[in-house]
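# Survey of secondary and tertiary structure
Residue strings, one per chain:
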Amino acid sequence: MGCNGCSANLEEDRTQMLGTHDWLKDIPDTSHLSNIVEVRFKGTRKEFFKNKDGLPIKIGDQVVVACSPGHDVGVVSLTGKLAEKQFERKIRKPERYQWNIIYRKATLSDKRKLEEAQKREQPVMIRARQIATELELNMKIGDVEFRGDNSKAIFYYIADERVDFRELIKRYAREFRIKVEMKQIGARQEAGRVGGIGSCGRELCCSTWRTDFSSVTSDAAIQQGLSPNAEKMAGKCGKLKCCLMYELDTYLEAQEDFPNELLTLETEKGYAKHFKTEILSKKIWYTIEENFGNKPFVIGLEDVKKIIQQNKRGIKPSIAKYLVTPEAPENEMSVGSSDIPTIEKKNSQPKRRFKKKRPVKRNNQQRQSGN
């Protein structure tokens, strides 16, 4: 869905999101070196085709491609050597890939037929959900995609368990008079199609630029020293946030400087027990076991390594310099100057309360004398 104000307007199929950045755009065209072409369809669906006829196509052109059966209309997203590299990266078993060819560039008639097919998607999806509810199937129809020839549709559904939808396919084919293909998607793919705002205040990554969804484990949060709170770590889809993987490599690289195990340190004031670790700033917090009332204090990573080496030689070093409370930094952003004691004195003075004067009641003698 999406609104007109955001950059990810989902009503227009997000072409700026689903395209692939061409790092080879500054070098001469390489389409003559490889006939592999990547074509994008609705949503995040992309497939590879061969340009056997050597058609002069470029990125952004609408083309008619062969399907089994019929044909479809898509947009060229990659050509040449970059498409070949993308094919090698995404297809695990290239020898088993079923190749189809590109027929031609899309004509005005092909584009009109595609628009007619796309207009059917919304009402068909609503009716498809109603039929699934009538059959009492534990599944949700997330989206419907019609092919360019208007003869086949892909029904994307979400289900937590296996669903027997044989009767459902018969109902769909009989009512919509098309060939039906059911394709299961996950909660992340659905969140990317619906869109929304994340806890960071920005648009969801999966609905703006992210198209591939790698597995995210709770170990990624633990490696970064984050709280393993399921509610804070979960995204709009209910799964772990994809952004947990963005800085994981940086944290793993920084952890190589830390000891394999942060042992309890022996100091002249007693045993210092590990409290928490700031990985990127390379600081470690400790507490003294003998004095439970003491606040945690911080020691730099290099100093911790030195203390560990001293403990191995039986030395209990002094940590007095780490127990000193650092002075609060001066606020350099203050504008002008003010007399703080005077302000505090004014705030501490009690406010005076003024009593309202009650009206004086006059007796009968005073009223007569007044008259």
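The structure this text deals with has already been given above.
Residues numbered from 1 in each chain as written. Predicted model: local features only at pLDDT ≥ 70, side-chain atom pairs only at ≥ 80, totals over all residues. Heavy atoms only, no water.

### Looking at the overall build of the protein chain
Looking only at helices and strands, the protein chain features 12 helices and 12 strands. Of all 371 residues assigned to the protein chain, the portion counted as buried reaches 32%. In the protein chain, of all internal contacts separated by at least 6 residues, the share reaching a separation of at least 24 is 58%. Carbon and sulfur atoms make up 49% of the accessible area of the protein chain, which amounts to about 26100 Å² in all. (Helix = DSSP H or I, 4+ residues; strand = E, 2+ residues; numbered from the N terminus. Buried < 20%, exposed > 50% of the residue type's maximum accessible area, 1.4 Å probe, protein only. Contact = heavy atoms within 4.5 Å. Areas by Shrake-Rupley, 256 points an atom, 1.4 Å probe, with all protein chains shown as cover.)

### A closer look at the sheet that holds strand 3 (residues 62-66)
Within a beta sheet, neighbouring strands are joined by backbone hydrogen bonds and run either parallel or antiparallel to one another. Reading across from one edge, 2-1-4-3-5 is the order of the five strands in this open sheet, with antiparallel pairing throughout. Across the chains shown, the open sheet's two edge strands, defined by having one partner strand only, are strand 2 (46-50) and strand 5 (102-105). Neighbour-to-neighbour, the strand axes of this sheet turn through a mean angle of 45°, independent of strand direction. As paired elements, strand 1 (residues 36-40) and strand 4 (residues 71-79) share four bridges and run antiparallel to each other. Residue pairing for strand 4: Val37 is matched across the bridge by Thr79. (Pairing = 2+ DSSP bridges. Axes fitted to C-alpha atoms, helices over the stretch in contact; angles between N-to-C directions.)

### Some remarks on the nonpolar core
In this structure, Met139, Ile141, Val144, Phe155, Leu168, Tyr172 and Met182 are the most contacted members of the largest nonpolar core, which totals 23 residues. Residue assignment for this core shows that the elements contributing at least two residues are helix 3 (108-134), strand 6 (140-146), strand 7 (152-158), helix 4 (166-176) and strand 8 (179-184). By residue number, the principal contributor to this core is helix 3, which donates six residues. Leu265, Ile279, Ile284 and Ile308 belong to the second largest nonpolar core, which has 17 residues in total. (Core = buried A, V, L, I, M, F, W, Y, C linked by side-chain atoms within 4.5 Å.)

### Remarks on the pattern of salt bridges
Close approach of charged atoms allows side chains of opposite charge to pair. Scanning all chains against the criterion turns up 17 salt bridges. With a closest N to O distance of 4.0 Å, Glu38 and Lys90 form a salt bridge. Placement of the pair is Glu38 in strand 1 and Lys90 in helix 2 (residues 80-90), with a sequence separation of 52 residues. Here Lys90 falls in the partly exposed class, since its relative accessible area comes to 40%. The shortest N-O distance in the salt bridge between Asp164 and Arg166 comes to 2.9 Å. Within the structure, one salt-bridge network assembled from shared partners comprises Arg45, Glu47, Asp72 and Glu145. (Salt bridge = Lys/Arg side-chain N within 4 Å of Asp/Glu carboxyl O.)

### Things to note about the sheet that holds strand 7
Strand order in the open sheet made by the three strands is 6-7-8, with mixed pairing throughout. Each edge of the open sheet is held by one strand with a lone partner, namely strand 6 and strand 8. Strand-to-strand twist of the sheet, defined as the mean angle between neighbouring strand axes without regard to direction, takes the value 25°. Sheet topology note: the strand 6/strand 7 ladder contains six bridges and is antiparallel. For Lys140, the partnering residue across the bridge sits in strand 7 and is Ile158. Sheet strands in contact with helix 4 are strand 6, strand 7 and strand 8, and its direction is about 135° off that of strand 8.

### Some details on the environment of Lys241
Structurally, Lys241 can be placed in the loop between helix 7 (230-233) and helix 8 (248-255). Taking C-alpha positions, Lys241 is 10.0 Å from Ser218, a pair spaced 23 residues apart along the chain. Apart from the residues within four sequence positions on either side, Lys241 is in contact with Ser199, Val216, Lys232, Met233, Ala234 and Gly235. Among the polar contacts listed, one links the side chain of Lys241 to the side chain of Ser199, at a separation of 2.6 Å. (Polar contact = N/O pair within 3.5 Å; in protein donor to acceptor, adjacent residues only side chain to side chain.)

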